[in-house]
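Tertiary structure, described
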Amino acid sequence: MNAYVIPFTVAVLSIGIYLIPSPIDPQPYTFRDYPPELIGPLKPNYKLQKAKHIFENVVIGPETFTADKKGYIYTGSADGKLWRFKGDDLQLLGRTGVDDTRCGSLEMESVCGRPKGMKVDSHGNLIFVDAYKGLMKMDLVTMEIEMLVSSETGINGVPFMFLNSIDITSNGTIYFTDSTTRWTRKDYRFEVIETNHLGRLLSYDPRTKTLSLVLDNLYLANGIALSQDESYILIQEMSIMRILKYYLKGPRAGSSEVIMENMAGYPDNIKLTKSGTFHVAMGVTRFRKAGILKYARPFLDVIGPYPALKRLIAKLTPLWAYSIFLPRHNYFLEIDGDGNILKSFHDPDGKIIRGISEVFEHDGRLYIGHHEFPYVSVMDVKDLED
């Protein structure tokens, strides 16, 4: 009798797992090439270990930054708060959702709010997106918040699900991304596994209050950045590790091309630098190992072509578990507008910089944020020099 217990139990469990509906509806995607090696401009260094942390355990998960003409730096945090600071002077400006002691947890984000991409416009207003609520504007005199386009309204009958990044042209046109039409921010890891192309780039003209769809079918549309002359915009497709260049002016206006792919990491936000290049934050690194692991494929590369395997993994693995095996090595890139890697800046041990969502340059300093860690990292630009 006992000889049948184990096989019977395994059979019952297998049937039970099979019958459990998977939370995802994945598509096959084949990553054809091995990840890049960290050589040439990707060669590791320890420059990011010169950074220091400020506002620890006060500003939780500052993911993105912008600045005004007075030198204030603005950011949003995981508990729905909007902040600005200059030096050691930190000011709470407001919040996009309710004030609750549970704010800061993923479960409460849709209620508490989650400010994401932001920029101060030419009129001195803070324009930003809340991942759950919509495209918004804060009057920096009265601190009143106005909804420009709600996520519920969306566009063409499709609500916004995960608003992410913005940039603004000199004439006031606001470009912003909706990373996916299926998942909210708290479940974005499902979108990474699914490799569905459900992201969108949108534009909003505040003068006419016109909302337009610029590009769709994007793979987890994440950070965006306008070029210095505003002739094109770069769009980071996080889940397949590539960068698109969409032309806004000139003979190629309205067309796009891939300028980077098979990147050495999953690109998060991207920011224009003072010199006209771009800083690309690598949300999670992905590179070719040395020695016997040289031909080992990263986990997501391996499962990419197999939707059934993805469904099974999503059934059995809680979302929090996906972070356990993330590499400690963190870095960001400096690239030009054609996707050429100029330099890279590393913390190979994760000693100081434990994760990077954005790198923002202002007035000779770099501000580095991450959507989880409870501090702003800051360092002088000159410390990146050889």
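Throughout what follows, the structure given in this document is the object of discussion. (Residues numbered from 1 in each chain as written. Predicted model: local features only at pLDDT ≥ 70, side-chain atom pairs only at ≥ 80, totals over all residues. Heavy atoms only, no water.)

1. Focus: helix H5 (residues 307-316)
Regarding H5, the residues found buried are Pro307, Lys310, Ile313 and Ala314. In a view along the axis of H5, the buried residues occupy a sector of 120 degrees, so they form one face of it. For H5, the exposed residues set more than 90 degrees away from the buried face come down to Ala308 and Leu316. On its buried face, H5 sits against helix H3 (188-194) and helix H4 (299-303). (Buried < 20%, exposed > 50% of the residue type's maximum accessible area, 1.4 Å probe, protein only. Helix = DSSP H or I, 4+ residues; strand = E, 2+ residues; numbered from the N terminus. Arc of directions from axis to C-beta. Contact = heavy atoms within 4.5 Å.)

2. A word on the pairing of strand S23 (residues 365-369)
Within S23, four of the five residues are buried, which leaves the element mostly enclosed by the surrounding structure. One ladder, built from five bridges, connects strand S22 (residues 358-362) with S23; its direction is antiparallel. If you follow Glu358 over to S23, its bridge partner there is Gly369. Two successive antiparallel strands, S22 and S23, enclose a turn made up of two residues, where Asp363 displays a positive phi of approximately 55 degrees. When S23 meets strand S24 (residues 376-380), the two strands line up antiparallel, connected through four bridges. What sits directly across from Ile368, in S24, is Ser377. Counting the residues between successive antiparallel strands, the hairpin from S23 to S24 contains six residues. (Pairing = 2+ DSSP bridges.)

3. Quick notes on the packing of aromatic side chains
Tallying each qualifying case throughout the model produces ten aromatic pairs. Note on Phe55 and Phe85: the rings are 5.0 Å apart at their centroids and 65 degrees apart in plane angle, and the pair reads as edge-to-face. Residue Phe55 is located in the loop between strand S1 (52-54) and strand S2 (65-67), and its partner Phe85 is located in strand S4 (residues 81-86); the two are separated by 30 residues in the primary sequence. Side by side, Phe55 and Phe85 carry an identical accessibility label, which is buried. Between Phe332 and Phe345 the ring centres are 5.0 Å apart and the planes differ by 35 degrees, which places this aromatic pair in the tilted class. With Phe332 in strand S20 (residues 330-335) and Phe345 in strand S21 (residues 341-347), this pair connects stretches of sequence that are 13 residues apart. Residue Phe332 shares its accessibility class with Phe345, and that shared class is buried. Note that Lys245 overlies the ring of Tyr232, its terminal NZ or CZ placed 4.4 Å from the centroid. Stacked on the ring of Phe287, the Lys or Arg Lys289 has its end atom at 4.9 Å from the ring centre. (Phe/Tyr/Trp six-rings, centres within 6.5 Å; stacked < 30°, edge-to-face > 60°. Lys NZ or Arg CZ within 6 Å of the ring centre and 35° of its normal.)

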